[in-house]
Amino acid sequence: MFSLKNIIRPHIFDLTPYSSARDEYTGKIGVFLDANENPFGSVLPENHNRYPDPHQVLIKEKLAPLKGVTPRQTFLGNGSDEPIDLLIRASCTPGKDSILILPPTYGMYEVSASINDVKVIKVPLTPDYLIDTEAVMRAIEPDTKIVWVCSPNNPSGNLVQGDAIEYLLNNFDGLVVVDEAYIDFATIPSWNQRLAEFPNLVVLQTFSKAWGLASLRLGMCFASEELIAILNKIKPPYNLSGPTQQYLLDALDHAEKKDAMVQDVLAERDQLHRALGELSEVVRIHPSDANFLLVEFKDAAATMKYLIDEKIIVRDRSKVTLCAGCLRISVGTSQENEVLVKALKKFRQNSVIA
Ligand SMILES: *Cc1c(COP(=O)(O)O)cnc(C)c1O
C-alpha cells in the first residue's frame, strides 16, 4: 500500500517551513515595512523592489482549470529541474535510498540524484523504447522511492505504454513520476486527469517546449494536495521571480497561440520526416510523439562533424543506451529544416564522390 508518510523523509514530513513576510501578511494594500525592501523603487526604470507572491496564487487559479486540476494539486518551479530536485530531496535519504530510471531517458533525473548522493537503478527500455514492466518490478529495491517515466520519451520521442504506467502505479509503493514535457505534441490526454485515482502519481510538465518560454524557466508539477504541500514546504520561498510570474500570467491568456504553434511544429515534423526518409545516409527515423526526431545515420559521427562545420547543430545521442548511430534533431522552422536537409543531401553527394 502506498502511503506518503512512508515515502517522504521523516524530518521533511515534520518540517516547519520558513515563513516569509508575504506568508504572514497577505493583504495587498498598506504601508509595507515588513520585508526590508527598498521603499524608493529600483535602479531600473520599471520597479522590481517588492518580493513576489511565494505561492503564485493568481497563476495557479488561471492554470489549474486549463490542466483539469486544482490549484492545490499544482506546483510551479524554476524549470522542471526544480521539482525534479525537490522530489528526490523530499523522498530519498542520501547514501541509502534509490530512484529507478529507464534509459535512454532525460539526463536530469540521474544528475539530480547523483548531486544528492542518491543511488540510480537503471532498467533499459526495450529496443522499441517501451517499458519492460517485469524487469522494472524485479529491479525495484526496498529503498527505491521513485520510478521516473518520460512519455513522450526524450531522446526516443515516443509515448511509452499507458498500461505499463498504470501497472507501476498499482504495484509500486513509491512515487511514479511521469514527465510529460512533450505532451502537447502527443495525441493522448495528460496523466494529470488521473491524479484522483493514484495517490503516488506525479506529473511533470514545462512551459519550455510547446509554450515557447524556455528562457523564463518554468516547470509544472501536478500531484496529490498532500505531496504538493510537501514540495511547497521545501522550495526556496520566492522560487519564481516577479517578472516571470507576470510573463506567465500574460502567456496563459494566449493558449490558442500555443496550440497554433504546436500544429505548425507537427506539420513541420511530418515534412522533415519525409525529407530525411529520402536520404541514403539515413538508416531509420524513429516514430515521434514530440517536437524532435531521433534519426539513425550510417555514420553518425561523420554526419555530426559535417553538420557542425555547416553551422547546423543537432544533438549527438550516439553514445547513449539503445541509440547507437543516432542524432536527435529538433523540428525547426520550414527554412531551418530545409537548410538541414539541403546540407545532408550535399554531404551524401560528397561522400559518394569520396
Ligand atoms: C526539455 C525537457 C524538460 C524541460 O525542462 P525545463 O527545466 O522545464 O526547461 C523536462 N523533461 C524533459 C524530458 C525534457 O526533455
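Here the residue index of a chain counts from 1 through its sequence in written order. At least 70 in pLDDT is required for a residue's local features to be given in this predicted model, at least 80 for side-chain atom pairs to be given and counted, and no such filter applies to totals for whole chains, interfaces and linings, which use all residues. Hydrogens and water molecules were not included; the side-chain quantities draw on all heavy atoms of the structure.

*Asks:* Quick one: what's the story with the overall build of the protein chain, residue by residue and with numbers?
*Replies:* The helix count covers DSSP runs of H or I at least four residues long, the strand count covers runs of E at least two residues long, and both are numbered beginning at the N terminus. Within the protein chain one finds 13 helices and 11 strands. For 354 residues, the compact-globule formula gives about 20 Å, and the C-alpha radius of gyration of the protein chain, at 22 Å, lands near that figure. By principal-axis analysis of the C-alpha atoms, the protein chain measures approximately 75 × 55 × 35 Å. Only protein chains enter the area calculation, which uses a 1.4 Å probe; residues under 20% of their type maximum are buried, those over 50% are exposed, and those in between are partly exposed. Counting over 354 residues, the protein chain shows a buried share of 52%. Long-range contacts, defined as pairs at least 24 residues apart, comprise 68% of the intrachain contacts of the protein chain with a sequence gap of at least 6. Carbon together with sulfur atoms contributes 54% to the accessible area of the protein chain, which is approximately 17,400 Å² in total. The charge count treats Lys and Arg as positive and Asp and Glu as negative. His and the chain ends do not count. Working definition for charges: the position is that of NZ of Lys, CZ of Arg, CG of Asp or CD of Glu. Considering the protein chain, the positive charge centre built from 36 side chains and the negative charge centre built from 45 side chains are found 4 Å apart. Values of the radius of gyration come from C-alpha atoms, whereas the globule rule sets the reference at 2.2 Å times the count of residues to the power 0.38. Contact criterion: two residues are considered in contact whenever any of their non-hydrogen atoms come within 4.5 Å of each other. The protein chains shown are the only cover counted for residues, whose accessible areas, like all others here, come from Shrake-Rupley with a 1.4 Å probe.

*Asks:* Give a detailed account of the environment of tyrosine 25, specifying residues and quantitative values.
*Replies:* Mapped onto the fold, tyrosine 25 is located in the loop between helix H3 (21-24) and helix H4 (57-67). Take tyrosine 25: its relative accessible area is 42%, and that puts it in the partly exposed class. Aside from chain neighbours lying at most four places away, what touches tyrosine 25 is Phe32 and Asp34.

*Asks:* I'd like a description of the sheet that holds strand E9 (residues 292-297), backed by residues and values.
*Replies:* One bridge is not enough; two strands pair if DSSP finds at least two bridges between them. If you walk across this open sheet you meet the 4 strands as E8-E9-E11-E10, and the pairing is antiparallel. The open sheet has two free edges, formed respectively by strand E8 (282-285) and strand E10 (315-316), since each of these has just one partner strand. On the sheet, helix H11 (residues 255-277) packs against E8, E9 and strand E11 (326-330) and is oriented at approximately 5 degrees with respect to E9. The sheet contacts of helix H12 (residues 300-309) involve E9, E10 and E11, and relative to E11 the element is tilted by about 40 degrees. For every element, the axis is a line fit to its C-alpha atoms; helices are fit only across the contacting stretch, and the angle between N-to-C directions ranges from 0 to 180 degrees.

*Asks:* I'd like to hear about the site of the ligand, residue by residue, with values.
*Replies:* Any residue with at least one heavy atom within 4 Å of a molecule or strand is counted as near it. If you check the shell around the ligand, you find 14 residues, and the closest are Tyr182, Thr206, Ser208, Lys209 and Arg217. In the environment of the ligand, an oxygen atom lies 2.6 Å from a nitrogen or oxygen atom belonging to the side chain of serine 208. At 3.3 Å, a side-chain N or O of lysine 209 approaches an oxygen atom of the ligand. Protein burial of the ligand: of its 390 Å² of free accessible surface, 94% is covered by the chains. Considering only residue class, the shell around the ligand consists of 5 nonpolar, 5 polar and 4 charged. Between N or O atoms, a polar contact is any pair within 3.5 Å; within protein, one atom must be a potential hydrogen donor and the other a potential acceptor, and residues adjacent in sequence are included only when both atoms are from side chains. Classification used: nonpolar for Ala, Val, Leu, Ile, Met, Phe, Trp, Tyr, Cys and Pro, charged for Asp, Glu, Lys and Arg, polar for all others including Gly.

*Asks:* Can you tell me about the environment of glutamine 73, naming the residues and giving the values?
*Replies:* Relative to the helices and strands, glutamine 73 is located in the loop between H4 and strand E1 (74-78). Residue classification places glutamine 73 among the buried residues on the basis of a relative accessible area of 17%. Distance in space between the C-alpha atoms of glutamine 73 and serine 224 is 5.5 Å, their sequence separation being 151 residues. When residues no more than four places from it in sequence are discounted, the contact partners of glutamine 73 are Leu195, Cys221, Phe222, Ala223, Glu225 and Ile228.

*Asks:* Before we move on, could you go through the nonpolar core and cite the residues and values that matter?
*Replies:* Note on terminology: a nonpolar core comprises buried Ala, Val, Leu, Ile, Met, Phe, Trp, Tyr and Cys residues joined through side-chain atoms within 4.5 Å. With 46 residues, the main nonpolar core has Ile131, Val149 and Phe207 as its most contacted residues. Those elements that provide at least two residues to this core are H4, helix H7 (133-139), strand E4 (144-150), helix H8 (162-171), strand E5 (175-179), strand E6 (201-206), strand E7 (218-222) and helix H10 (242-251). A total of 4 residues in this core trace back to one element, the largest contributor, which is H8. Each of domain 1 (4-254) and domain 2 (256-353) gives at least three residues to this core. Apart from residues no more than four positions distant in its own chain, valine 149 is found in contact with Leu102, Ile131, Val160, Ile165, Leu168, Val176, Val177, Val178 and Asp179. Judged by nonpolar contacts, the second largest core, of 32 residues, contains Ile84, Leu87, Val120 and Leu231. Per the annotation, domain bounds derive from an automatic or database assignment of domains.

*Asks:* Any chance you could break down the sheet that holds strand E2 (residues 98-101) for me, citing the residues and the numbers?
*Replies:* In spatial order, the strands read E1-E7-E6-E5-E4-E2-E3; together these 7 strands make up an open sheet with mixed pairing. Both outer strands of the open sheet, E1 and strand E3 (119-122), are each paired with one neighbouring strand and no more. Across the sheet, the axes of successive neighbouring strands diverge by a mean angle of 25 degrees, strand direction being ignored. As paired elements, E4 and E5 share 5 bridges and run parallel to each other. For tryptophan 148, the partnering residue across the bridge sits in E5 and is valine 177. In the packing of helix H5 (residues 81-91) onto the sheet, contacts are made with E1, E2, E4, E5, E6 and E7, and the angle to E4 comes to roughly 160 degrees.

*Asks:* Could you give me a rundown of the domain arrangement of the protein chain, with the residues and numbers involved?
*Replies:* The domain architecture assigned to the protein chain consists of domain 1 (4-254) and domain 2 (256-353). Put simply, the middle of domain 1 and the middle of domain 2, counted by C-alpha atoms, are 30 Å apart. At the junction of the two partners, domain 1 supplies 24 residues and domain 2 supplies 22 residues. Two parts placed together each lose some accessible area under a 1.4 Å probe, and adding up what both lose gives the buried area. It is Tyr129, Pro155 and Phe185 that lose the most area in domain 1 upon contact with domain 2, and together they represent 33% of the buried surface on that side. For this analysis, a salt bridge means a side-chain nitrogen from Lys or Arg found within 4 Å of a carboxyl oxygen belonging to Asp or Glu. In this assembly, domain 1 and domain 2 are joined by 1 salt bridge. For the pair domain 1 and domain 2, the interface holds 8 residue pairs in polar contact (both at pLDDT 80 or more).

*Asks:* Report on the pairing of E7, specifying residues and quantitative values.
*Replies:* Where burial is concerned, most of E7 is hidden: 5 out of the 5 residues are buried. The alternating pattern of E7 places Leu218, Met220 and Phe222 and Gly219 and Cys221 on opposite faces, both of which are buried. Alignment of E1 against E7, held across 5 bridges, turns out to be antiparallel. Residue pairing across strands places phenylalanine 75 opposite cysteine 221, the latter belonging to E7. Two elements, E6 and E7, share 4 bridges in a ladder whose sense is antiparallel. Following the sheet pairing, glutamine 205 is matched in E7 by methionine 220.

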